[in-house]
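Architecture at a glance
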Amino acid sequence: MSSTPDPVIDAHLAVALDALLSEQSVTRAAARLHTSPAAMSRTLARLRRVLQDPLLVRAGQAMVPTPRAQALREEAAEVVHRLGALLTPGASVDPAALRGTFTLQTADLIGAALAPGMMRLARQEAPGVSLRFRAEELEAGPALRDGRIDLEVGSIDHVDPETQVEELVTLRMAAAVRPGHPLIEGALTPERLAAAEHVVVSRRGRFTGPLDTALAELNLHRRVAVALPSHMAALALASRSDVVCLIPTAPAGAAPSPLTDTATALGLRLLDIPLPLPPLTIGMAWHPRHAADGGHRWLRDTVRRTLAAPDRSTT
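Summary of the structure given here. Note that the coordinates shown come from a computational prediction; the quantities given were computed from them, not determined experimentally.

**Points about the overall build of the protein**
Helix and strand content of the protein: 11 helices and 11 strands. Radius of gyration (C-alpha) of the protein: 31 Å, far over the 20 Å computed for a compact globule of 315 residues. Expressed as a percentage of the 315 residues in the protein, the buried residues total 39%. A sequence separation of at least 24 residues applies to 73% of the contacts in the protein between residues at least 6 apart. Surface exposure of the protein reaches about 17300 Å², of which carbon and sulfur atoms provide 55%. Counting 33 positive and 33 negative side-chain charges, the protein places the centres of these two groups 5 Å from one another.

Shown next, in the form of structure tokens:
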């Protein structure tokens, strides 16, 4: 037993019907849709066959709609409006209409830098949005793929080919020390920096990093007193002891980075490191299925604005 095939839906016919019923003229409808009067006449003939109604009939020099056409006019306009909304890029979303929670995975220092500014922007533009910050506990590629996180922000070091990555800011490393620290007095030399006690930030408990490589070039070695998994804890320790904590900061001459806000709040002094350390690039990564989503575009834009904005007050 054969079944009747589903009818083929032609969206072009709906658009043409709306134009014809609105203009009540083949010529004007053709001009509205940037086609020829002859092509529009053929489309009208097709619509008449499909709907089994003349739709527009001659009345002197004009054409007037049939009762069926009058009944279809508002519905045709609504269908075309909804088609336009369906095919409009997601970037046109109204942030005020967004509802739900966005999940970001960041290091604690980056989360602390982003949260105040992003919360302020959400309160002003998208009050229905909540933000969830997760520690760097998940493998970002799979977590982005399966939706456990919406955005990763930080030093993007994984190379999942499907992940989309955007570089945001490039920072340099500085030495954060408490007020009155011995390193503040006089010129900071590699020898003095190496002789001080240091705190290292490492989720894996490592005691070495790029600073040790640079010191080794000068046959110098530093003493790492403690390794902590959190930059916030390391900065708190530096504010209450003589350990040196490295922290990313803006390049010379650039606007201050929000990544130094915590150090500033703790009263720490930032000292230039007299060694050529590699810069730190902060970026964000997301799964390509979110690339055109309007809500996700807003999320990414708030990250950009928060990291770049000179005014980061939360008032």
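**Overview of the nonpolar core**
Among the nonpolar cores identified, the biggest contains 21 residues, and Leu104, Leu114, Leu151, Val153, Trp298, Leu299 and Val303 are the most heavily contacted of them. Elements supplying a minimum of two residues to this core: strand S3 (100-106), helix H5 (108-125), strand S5 (151-154), strand S11 (280-286) and helix H11 (294-308). Apart from residues no more than four positions distant in its own chain, Val153 is found in contact with Leu104, Gln105, Thr106, Ala107, Ile110, Leu114, Leu168, Ile282, Gly283, Met284 and Val303.

**Topic: the packing of H5 against helix H9 (residues 231-239)**
The N-to-C vectors of H5 and H9 enclose an angle of 90 degrees; their axes lie 7 Å apart at closest approach. Considered as vectors, H5 and H9 are oriented roughly perpendicular to each other. Taking contact as the criterion, the partners of Asp108, Leu109 and Ala112 in H5 are, on H9, His231, Met232 and Leu235.

**Regarding the pattern of salt bridges**
A complete count under the given rule lists 14 salt bridges for this structure. Here Arg148 makes a salt bridge to Asp146, at a shortest N to O gap of 2.9 Å. Judged by relative accessible area, which is 38%, Arg148 ranks as partly exposed. Among the residues examined, Asp146 registers a relative accessible area of 45% and is labelled partly exposed. The shortest N-O distance in the salt bridge between Arg222 and Asp212 comes to 2.8 Å. One end of the pair, Arg222, is in the loop between helix H8 (210-216) and strand S8 (223-228); the other, Asp212, is in helix H8, with 10 residues separating them in the sequence. For the pair formed by Arg222 and Asp212, the shared burial category is buried. Residues participating in the shared-partner salt-bridge network are Glu125, Glu166, Asp301, Arg304 and Arg305.

**Points about unusual backbone geometry**
Phi at His34 is positive, roughly 55 degrees, even though this residue is not glycine. Tracing the backbone shows His34 in the loop between helix H2 (26-32) and helix H3 (37-51). For His34, a relative accessible area of 77% translates into the label exposed. Its identity is not glycine, yet Gln52 carries a phi of approximately 55 degrees, on the positive side. Following the sequence through the fold, Gln52 ends up in the loop between H3 and strand S1 (56-59).

**Some remarks on the environment of Leu235**
By secondary structure assignment, the location of Leu235 is in helix H9. Residues within four places of Leu235 in sequence aside, it is in contact with Leu109, Ala176, Cys245, Ile247, Thr262, Ala263, Leu266 and Leu268.

**Quick look at helix H1 (residues 11-23)**
In this model, H1 (13 residues) spans 19 Å end to end at C-alpha, consistent with the 18 Å of a helix rising 1.5 Å per residue. Regarding H1, the residues found buried are Leu13, Ala16, Leu17, Asp18, Ala19, Leu20 and Leu21. Following H1 by one or two positions, Gln24 adopts a phi angle in the positive range, close to 50 degrees.

Reading guide: rules and limits
Residues numbered from 1 in each chain as written. Predicted model: local features only at pLDDT ≥ 70, side-chain atom pairs only at ≥ 80, totals over all residues. Heavy atoms only, no water. Helix = DSSP H or I, 4+ residues; strand = E, 2+ residues; numbered from the N terminus. Rg over C-alpha atoms; globule rule 2.2 N^0.38 Å. Buried < 20%, exposed > 50% of the residue type's maximum accessible area, 1.4 Å probe, protein only. Contact = heavy atoms within 4.5 Å. Areas by Shrake-Rupley, 256 points an atom, 1.4 Å probe, with all protein chains shown as cover. Lys, Arg positive; Asp, Glu negative; His and termini not counted. Charge placed at Lys NZ, Arg CZ, Asp CG, Glu CD. Core = buried A, V, L, I, M, F, W, Y, C linked by side-chain atoms within 4.5 Å. Axes fitted to C-alpha atoms, helices over the stretch in contact; angles between N-to-C directions. Parallel < 35°, antiparallel > 145°, perpendicular 65-115°, else oblique. Salt bridge = Lys/Arg side-chain N within 4 Å of Asp/Glu carboxyl O. Expected span 1.5 Å × (residues − 1).

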